[in-house]
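So you can see what is in the structure, the chains are spelled out below.
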Amino acid sequence: MKFNTKTIHGNQHPEPATGAVMTPIYQTSTYAQSSPGVHKGYEYSRGENPTRSALEAALANIENGTHGFAFGSGLAATDTVMKTLNPGDEIIAMDDLYGGSYRMFTRIYAKYGLNFHFVDMTNPQNVLEKINEKTKMIWIETPTNPLMKIVDIQAVVELVKGKDILVAVDNTFASPYLQNPLDLGADIVMHSATKYLGGHSDVVAGALVVKNKELAEKLHFQLFAGGGILGPQDSYLVLRGIKTLHVRMQRHCENGKKVAEFLSNHPKVENVYYPGLENHPNHEVAKKQMRDFGGMVTFTFKSEKKEDAVKFLETVKVFTLAESLGGVESLANHPTTMTHASIPAEKRAELGITDDLVRLSVGIEDIEDLLADLEQALG
Ligand SMILES: *Cc1c(COP(=O)(O)O)cnc(C)c1O
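Throughout, residues of each chain are indexed from 1 in the direction in which the sequence is written. Local features in this predicted model are restricted to residues whose pLDDT is 70 or higher, and side-chain atom pairs enter the listing and the counts only when it is 80 or higher, whereas totals over whole chains, interfaces and linings include all residues. Hydrogen atoms and water are omitted, and side-chain values are computed over all heavy atoms in the structure.

Chemist: Even after reading the chapter, I still don't get the overall build of the protein, so can you show me in this structure?
Modeler: Put simply, DSSP H or I for four residues or longer makes a helix, DSSP E for two residues or longer makes a strand, and each gets a number counted from the N terminus. Helix and strand counts for the protein come out as 14 helices and 12 strands. Judged by the C-alpha coordinates and their principal axes, the protein covers about 75 × 50 × 35 Å. For the protein, with 379 residues in total, the buried portion stands at 54%. In this description, contact between two residues means that some pair of their heavy atoms is separated by no more than 4.5 Å. Of the contacts made within the protein by residues no fewer than 6 positions apart, 73% connect residues no fewer than 24 positions apart. All accessible-area figures derive from a Shrake-Rupley calculation using a 1.4 Å probe, and residue coverage is judged against the displayed protein chains alone. When the accessible surface of the protein is split by element, carbon and sulfur atoms take 51% of a total near 16000 Å². By the counting rule applied here, Lys and Arg register as positive and Asp and Glu as negative, while His and the ends of each chain are not counted. The atom standing in for a charge is NZ when the residue is Lys, CZ when it is Arg, CG when it is Asp and CD when it is Glu. Of note, the protein has its 37 positive side-chain charges centred 3 Å away from the centre of its 46 negative side-chain charges. Here's how the labels work: a residue is buried when its accessible area is under 20% of the maximum for its type, exposed when over 50%, partly exposed in between, all with a 1.4 Å probe on protein chains only.

Here's what the structure looks like:
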């Protein structure tokens, strides 16, 4: 099956008891057994729930993996990956990361003895410099949040070939529609399913997909024993979201490109960060590894003034000033006070996350309305 068909049918089957085409919400915590230990594969819903299983099968299918896992949030998925590591292990992570991932690594797992090196992976050489016998994982995010940097996944995978080092990719910004990290040699794909997979800003959820049985068993153990599962209602919402992922993404990409071009030509705008623009420093890598360039666009003001960013964010009407991304509606966010406030100010300055930086999640509304809104808000 090709991708668009897979979002609807991949690993999905009508429910056997009634033929229901859409998987029902199995709102149950437990399952009747006919004799102790004799059951139909379901014992207790922390371990398995049919609605979650249907979602996990769909996730595995659209990421070209063999095993999918659904969590109560994207961070719960990341947390579960970290718990497979041991004190003393080293992780090399991208320097520009979702603020919550950075916060988890530095303020939770550093305390438990995991050592993180944050490097700019747009130059894979920087990864190589930090690899030693204690390195156990590479944590990639691409495109990055909020600077839209692109990491060459295949190039990083090449660096660790034959070594006992796992490559994990936070694929939230791209979604499986734009890139499949497992096909590029990564071992683990992580998603905040809250974003494009769910797609309607109505659920918080996370996902992991792998293609290795042993790794899958390790993760399943962590999920079952640690307990960060996704409930049946929310599993249903993500499963429903996935069925329109391809049509939504197509429009997100079309609108994202037009917004990026519009901003590039606006006299008040300084930098536009969008991997689809030819002047983006990683445009060639993006072209090689992604099917299109997505709906996330970040920009700064010529004036470099925070007040201009704030005024813009107070003035937009079709765009909503809010955290999160990847829903059908357009959102605008101020990273330094909102999504990335948990990253220390010096660190943000070092990365280029300035106070005049605005991040847009371009939705699937009519492009004329979006551009008119940007025009009026830029004044
Ligand atoms: C939102 C997000 C996360 C965290 O996911 P939650 O579902 O909010 O826990 C992780 N990575 C990226 C890139 C994100 O945008």
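Chemist: What is the right way to read helix H2 (residues 50-62) from this model?
Modeler: Because the α-helix completes a turn every 3.6 residues, residues three or four places apart line up on one side. In this scheme, a helix's expected span is set at 1.5 Å multiplied by one less than its residue total. Here H2 is 13 residues long and its end C-alpha atoms lie 19 Å apart, about the 18 Å a rise of 1.5 Å per residue gives. The buried fraction of H2 amounts to 12 of the 13 residues, a majority that puts the element mostly inside the structure. Buried within H2 are the following residues: Pro50, Thr51, Arg52, Ser53, Ala54, Leu55, Glu56, Ala58, Leu59, Ala60, Asn61 and Ile62. Side-chain atoms alone can form a polar contact between residues adjacent in sequence; in general such a contact is a pair of N or O atoms within 3.5 Å, and within protein one must be able to donate a hydrogen while the other accepts it. Where H2 starts, the residue carrying a side-chain oxygen 2.9 Å from the main-chain nitrogen of Thr51 turns out to be Asn49. At the exit of H2 stands Asn64, carrying a positive phi of roughly 55°.

Chemist: Looking at this structure, how should I read the domain arrangement of the protein?
Modeler: A common way to report how large an interface is uses the accessible area buried once the components associate. Segmentation into domains, and thus their bounds, comes from an automatic or database assignment. In terms of domain boundaries, the protein breaks down into domain 1 (3-240) and domain 2 (246-378). Inter-centroid distance (C-alpha atoms) of domain 1 to domain 2 is 26 Å. Contacts between domain 1 and domain 2 engage 43 residues on the former and 41 residues on the latter. Overall, the association of domain 1 and domain 2 removes approximately 3400 Å² of surface from exposure, summing both partners, and the carbon and sulfur fraction of that is 60%. By buried area we mean the combined loss of accessible area, with a 1.4 Å probe, across both parts when two parts are placed together.

Chemist: Teacher, can you tell me more about the nonpolar core here?
Modeler: Across soluble globular proteins, you tend to see nonpolar side chains buried next to one another. The biggest cluster of nonpolar side chains holds 60 residues, and the ones touching the most others in it are Val238, Leu263, Phe299, Phe312 and Leu360. At seven residues, the largest contribution of residues to this core is made by helix H10 (residues 245-264). Residues within four places of Phe312 in sequence aside, it is in contact with Phe299, Phe301, Val358, Leu360, Leu374, Ala377 and Leu378. Only buried Ala, Val, Leu, Ile, Met, Phe, Trp, Tyr and Cys residues count toward a nonpolar core, and they belong to the same one when joined by side-chain atoms within 4.5 Å. Counting 45 residues, the second-largest nonpolar core is a separate cluster that includes Val81, Ile188, Met190 and Leu208.

Chemist: Any chance you could explain the UniProt feature "modified residue: N6-(pyridoxal phosphate)lysine" (unreviewed entry) in the protein here in plain terms?
Modeler: UniProt positions are given in the numbering used here, feature names are shortened, and annotations may be inferred rather than shown by experiment. Feature annotation in UniProt assigns "modified residue: N6-(pyridoxal phosphate)lysine" (unreviewed entry) to the following positions: Lys195. Turning to its location among the elements, Lys195 is positioned in the loop between strand S6 (188-192) and strand S7 (206-210). If near-sequence neighbours (up to four positions away) are discounted, Lys195 is found in contact with Thr172, Ser324, Leu325 and Gly326.

Chemist: What exactly am I supposed to notice about helix H8 (residues 213-226) here?
Modeler: In this model, H8 (14 residues) spans 19 Å end to end at C-alpha, consistent with the 20 Å of a helix rising 1.5 Å per residue. Taken together, the buried positions of H8 are Leu215, Ala216, Leu219, Gln222 and Leu223. The buried residues of H8 occupy an angular sector of 125° when the element is viewed end-on, so they sit on one face. Of the exposed residues in H8, the ones pointing more than 90 degrees away from its buried face are Lys213, Glu214, Phe221 and Ala225. Buried residues in H8 make contact with H2, strand S1 (67-71), helix H3 (74-82), strand S5 (166-170), S6 and S7. Among the residues of H8, the N-terminal cap falls to Asn212, whose side-chain oxygen and the backbone nitrogen of Glu214 are separated by 3.0 Å. Looking at the residues trailing H8, positive phi occurs at Gly227, about 90°. Regarding the arc, it is the one traced by the directions from the helix axis to the C-beta atoms.

Chemist: What is the right way to read the site of the ligand from this model?
Modeler: In the neighbourhood of the ligand, 15 residues make up the surrounding shell, with Gly74, Asp170, Ser192, Thr194 and Lys195 lying closest. A distance of 2.9 Å is found between an oxygen atom of the ligand and a backbone nitrogen or oxygen belonging to Leu75. Within the complex, the protein chains bury 93% of what would otherwise be the 380 Å² of accessible surface of the ligand. When residues of the shell around the ligand are traced back to their parent elements, those giving at least two are H3 and S6. Note on residue classes: Ala, Val, Leu, Ile, Met, Phe, Trp, Tyr, Cys and Pro are nonpolar, Asp, Glu, Lys and Arg are charged, and everything else, Gly too, is polar. Grouping the constituent residues of the shell around the ligand by class yields six nonpolar, six polar and three charged. Neighbouring residues are identified by heavy atoms, a residue being near a molecule or strand if any of them is within 4 Å of it.

Chemist: Just to check I follow, could you spell out the environment of Ile343 for this structure?
Modeler: Here Ile343 is to be found in the loop between strand S11 (331-333) and helix H13 (345-351). Using a relative accessible area of 3% as the deciding quantity, one classes Ile343 as buried. Distance in space between the C-alpha atoms of Ile343 and Asn271 is 22 Å, their sequence separation being 72 residues. Once residues within four sequence positions are removed from consideration, Ile343 is found in contact with Leu97, Gly99, Tyr102 and Arg348.

Chemist: What should I look at first to understand the packing of aromatic side chains in this one?
Modeler: The description of an aromatic ring pair rests on the distance of the ring centres and on the angle between the ring planes. Ring pairs shown here join Phe, Tyr and Trp side chains whose ring centres sit within 6.5 Å, with only the six-membered ring taken for Trp; geometry is labelled stacked below 30 degrees between planes, edge-to-face above 60, and tilted in between. Counted according to the given criterion, the structure contains 10 aromatic pairs. Here the aromatic cluster, defined as three or more aromatic residues joined through ring pairs, consists of Tyr102, Phe105, Phe116, Phe118 and Trp139. Cation placement over rings: the criterion is NZ of Lys or CZ of Arg within 6 Å of the ring centroid and within 35° of the ring normal. Above the plane of the ring of Phe224 lies Arg46, whose end atom (NZ or CZ) is 5.3 Å from the centre.

Chemist: Please clarify how the pairing of strand S3 (residues 115-119) should be interpreted in this entry.
Modeler: Bridge analysis of strand S2 (residues 90-94) against S3 gives five bridges, and the strand direction is parallel. For Ile91, the partnering residue across the bridge sits in S3 and is Phe116. With the strands pointing away from the viewer, any crossover whose connection runs clockwise from the first strand over the helix to the second is right-handed. Viewed along the sheet, the connection from S2 through helix H4 (residues 99-109) into S3 turns out right-handed. Any two strands with at least two DSSP bridges between them are considered paired.

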